[in-house]
Amino acid sequence: MRVGLAVFGVVVLLLGVPGGGPGGVPVSWSPAPVAAFAQSGVPSAADEVAVGVIVDTTDARSMDMAHEAGFTHAKMIIHWDRLEPKRGQYTFEETSENDLDNVIRAAQAGDMKLVLRVDGAPGWAGGKPSKASPDAVEAFYKAMAAHGRGTVTAYEVLNEPNLPFEWGDAPSPSGYAAFLKAAYRGVKKGDPSALVIGGGLSPATGGAGGTIEDVDFLRGMYAAGIKGQVDAIAIHNYGGNHEPDRDPGDCGICFRRAEIYHQVMLDQGDKDTPVWATEFGWLLDPGRNMGQYDWMRVSADKQADYVVRSYKYARANWPWMTGLLLSNLDASTTPYHTGAQDGMPWFAILNKDYSPRPAWKAFKSWREQDQTPWLARTRGGSSSQAATTPSPSPSPSPSPSPSPSPTSEVVAVTQTPDPSQTTAPLAAATPETTASPSTTPSPAATPSPTPSASSATTTVRLRVAKTDGSGVNLRAAPSSTGKAVAILMEGTTVEVIGEDVQAEGRTWRNVRTVSSTSDGVTGWVAAQYLVP
């Protein structure tokens, strides 16, 4: 997410939107029995599912700790402009000291398979992905894949292209699809065995701030013909403060949002392409307010429990999931994450001094105890391991209530820190953006009261204003301590659906959004920020 949220790489806007199924309709999701997918033919570049983690630095201690814990894959981030500063001039062909070789050597030394996320575009290609020509994209990916052959097993193409900040312009599913197809052609020419992973969208944005809701963007990618032009679809399914088996119909930012993506893919006639969770995780409570991420805080014990349970849940219920890359291993150790409300170091499972947090220990213990190979489905359509119906999910424990946010309802719209956007040489790999925890401040909204008779007969529409461009919180209850379910940007149109409530010396207005791609998000807004 660049968690969303840009969750977390370069800073991206973490927008909180209530839960719901595709199109905003609340749905109760149940995991499909494994046997139902026995003939799905999910392709995989290897026999085993990628059990990976995002690694921020090339410090040998990071790869050693990842390997020791039982991870098989490391995801790292590089930037196109640092590898091809001039057209056809590749730094990895001119010197061994370059970002691509640095991360390759680090992975090789740690006996880890490497997944690369490649961001941005060089100035000569337009300076942003939206301006890069397909020919330039294809040529770059071909050269890069040929150089990385043997170590790089997969390439994730861009980060959260449904965000204007990442794409470089108004997000375009068809534009991204063209970029993705060009990258796919290039990789297959340079290294036919490497996987190309597309998507990696910022989840549950609700269309705020010029974004496109992730499921709508995914449908647009299919409408633009990406089926068969990508080896896997990526999701940034950060867990928020929810247990990993929480029903995705009850939350926007939650681990099982992957099931919504898979259903969209099935609706598009695509039962063969697998899904990769390329960013997910839980934020360890640092004991202080974390701004827009504050609602995501969980205890050290819960972080450890949820991390292990997430892998177990995926293994038991998602035969179409062939890669899981936890966010993150070591953002706590880098010099790039120093802000008081930077979430990246607290998604990490290592401390600043490389000592393990409970989540690292719990994951290592699980991997040591469970020696059964986690096999991916083969290309031919048969299952690589016996298909079994998953055991019922354990009853979810109550989610911890997020700490109250500051009394001011105006939101400080800071983008999630993206380590990958640093300009320092990648002697240590540019810090990984993690989540997109994508970007959404809060999970599901509490159903709003039934509109009164007067409000049902007269539609009153207002717009968000007087926030100095920062936006305002949409709350689940008429209180500054109510859970923030979304950030309404300046100019957002809302519809009044109930009577005003006086509380805390404020007038609170019960509204529903009407100007996003997924209309119908309901909640309460301080009336002073709404005008006709």
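A separate point is the nonpolar core. F71, W80, Y141, M144, Y311 and L324 are the most contacted members of the largest nonpolar core, which has 94 residues in total. Looking at this core element by element, the count peaks at eight residues for helix α8 (residues 173-190). Here Y141 is in contact with V118, V157, F179, A183, G186 and V187, once residues within four sequence places are set aside. V472, V511, V521 and V525 belong to the second-largest nonpolar core, a separate cluster that totals 17 residues.

This part covers the confidence of the model for the protein. For the protein, the average pLDDT comes to 79, and 73% of its residues sit at 70 or higher. Here residues 2-46 scores under 50 on pLDDT; set against residues more than four positions off or in separate chains, the count is 283 contacts. Residue range residues 378-457 is modelled with pLDDT below 50. Its contacts to residues more than four positions away, or to other chains, number 347 contacts.

Quick look at unusual backbone geometry now. The amide bond that connects S327 to the next residue, N328, takes the cis arrangement and shows omega of 0°. Along the chain, N328 falls in the loop between β11 (321-326) and α12 (344-347). Non-glycine residue L158 carries a positive phi angle of around 70°. On the basis of relative accessibility, which here comes to 4%, the residue L158 falls in the buried class. For A204, which is not glycine, the phi dihedral falls at a positive 55°. Secondary-structure assignment places A204 in the loop between β6 (195-201) and α9 (214-223).

Mapped onto the elements, D500 comes out in the loop between β16 (493-496) and β17 (501-503). For D500, a relative accessible area of 36% gives the class partly exposed. Spatially, the C-alpha atom of D500 lies 9.1 Å from that of P478, the residues being 22 residues apart in sequence. What D500 contacts, discounting residues up to four positions off in sequence, is T507, W508 and R509. One polar contact links D500 to R509, side chain to side chain, over a distance of 2.6 Å.

Turning to its location among the elements, P134 is positioned in helix α6 (residues 134-148). What makes P134 partly exposed here is its relative accessible area of 37%. Here the alpha-carbon distance between P134 and A178, two residues 44 residues apart in the chain, equals 6.8 Å.

Bringing the sheet that holds strand β2 (residues 50-54) into the picture now. The parallel closed barrel is built from eight strands, whose spatial order is β2-β3-β4-β5-β6-β7-β8-β11. On average, adjacent strands in this sheet sit at an angle of 30° to one another, irrespective of strand direction. Relative to β6, α9 is tilted by about 140°, and along the sheet it contacts β6 and β7 (232-235). Helix α11 (residues 300-317) contacts β2, β8 (275-280) and β11 of the sheet and is inclined by roughly 170° relative to β11.

To continue, consider the pattern of salt bridges. Counting across every chain of the model gives 27 salt bridges. Of the charged contacts, one joins D294 and R297 as a salt bridge, the two residues approaching to 3.2 Å between their closest N and O atoms. Each of the two residues, D294 as well as R297, counts as buried. Each of K75, R117, D119, E156 and E279 takes part in salt bridges that share partners, so that together they form one network.

To continue, consider the side chain of D214. One can find D214 in helix α9. Separated by 2.8 Å, the side chains of D214 and Y261 make a polar contact. Excluding its chain neighbours within four sequence positions, the residues that come into contact with D214 are N162, L201, S202, P203, A204, R257 and Y261.

Viewed as axis vectors pointing N to C, helix α5 (residues 99-109) and α6 meet at an angle of 30°, and their least axial separation amounts to 11 Å. The pairing of α5 with α6 is recorded here as roughly parallel in orientation. The chirality of how α5 crosses α6 is right-handed. Mapping the contact onto sequence places L100, D101 and I104 in α5 and M144, H147 and G148 in α6. When its residues are assigned to classes, the contact of α5 with α6 shows three nonpolar, two polar and one charged.

Attention shifts here to the packing of aromatic side chains. Scanning the model with the defined rule gives 21 aromatic pairs in all. On the numbers, 6.1 Å between centres and 40° between planes, the contact of F255 with W282 is tilted. Of this pair, F255 sits in the loop between β7 and α10 (257-267) while W282 is found in the loop between β8 and β9 (283-284), placing the two residues 27 residues apart along the sequence. A single burial state applies to F255 and to W282, both of which are buried. Ring plane angle 80° and centroid distance 5.5 Å describe the contact between Y313 and W318, whose orientation is recorded as edge-to-face. Pair check on accessibility: Y313 and W318 agree, each one buried. Members of the aromatic cluster, joined through ring pairs, are F71, F255, F280, W282, Y306, Y311, Y313, W318, W320, F363 and W366.

Here we take up α6. Between its first and last C-alpha atoms α6 spans 21 Å; for 15 residues at 1.5 Å apiece the expected length is 21 Å, and the two agree. Taken as a whole, α6 has its buried residues at A136, V137, E138, F140, Y141, A143, M144, A145 and G148. Looking one or two residues beyond α6, the residue adopting positive phi is G150, at roughly 100°.

Definitions and cut-offs
Residues numbered from 1 in each chain as written. Predicted model: local features only at pLDDT ≥ 70, side-chain atom pairs only at ≥ 80, totals over all residues. Heavy atoms only, no water. Core = buried A, V, L, I, M, F, W, Y, C linked by side-chain atoms within 4.5 Å. Buried < 20%, exposed > 50% of the residue type's maximum accessible area, 1.4 Å probe, protein only. Helix = DSSP H or I, 4+ residues; strand = E, 2+ residues; numbered from the N terminus. Contact = heavy atoms within 4.5 Å. pLDDT = per-residue confidence, 0-100. Polar contact = N/O pair within 3.5 Å; in protein donor to acceptor, adjacent residues only side chain to side chain. Pairing = 2+ DSSP bridges. Axes fitted to C-alpha atoms, helices over the stretch in contact; angles between N-to-C directions. Salt bridge = Lys/Arg side-chain N within 4 Å of Asp/Glu carboxyl O. Parallel < 35°, antiparallel > 145°, perpendicular 65-115°, else oblique. Left-handed = near helix turned anticlockwise from the far one by under 90°. Nonpolar A, V, L, I, M, F, W, Y, C, P; charged D, E, K, R; others polar. Phe/Tyr/Trp six-rings, centres within 6.5 Å; stacked < 30°, edge-to-face > 60°. Expected span 1.5 Å × (residues − 1).

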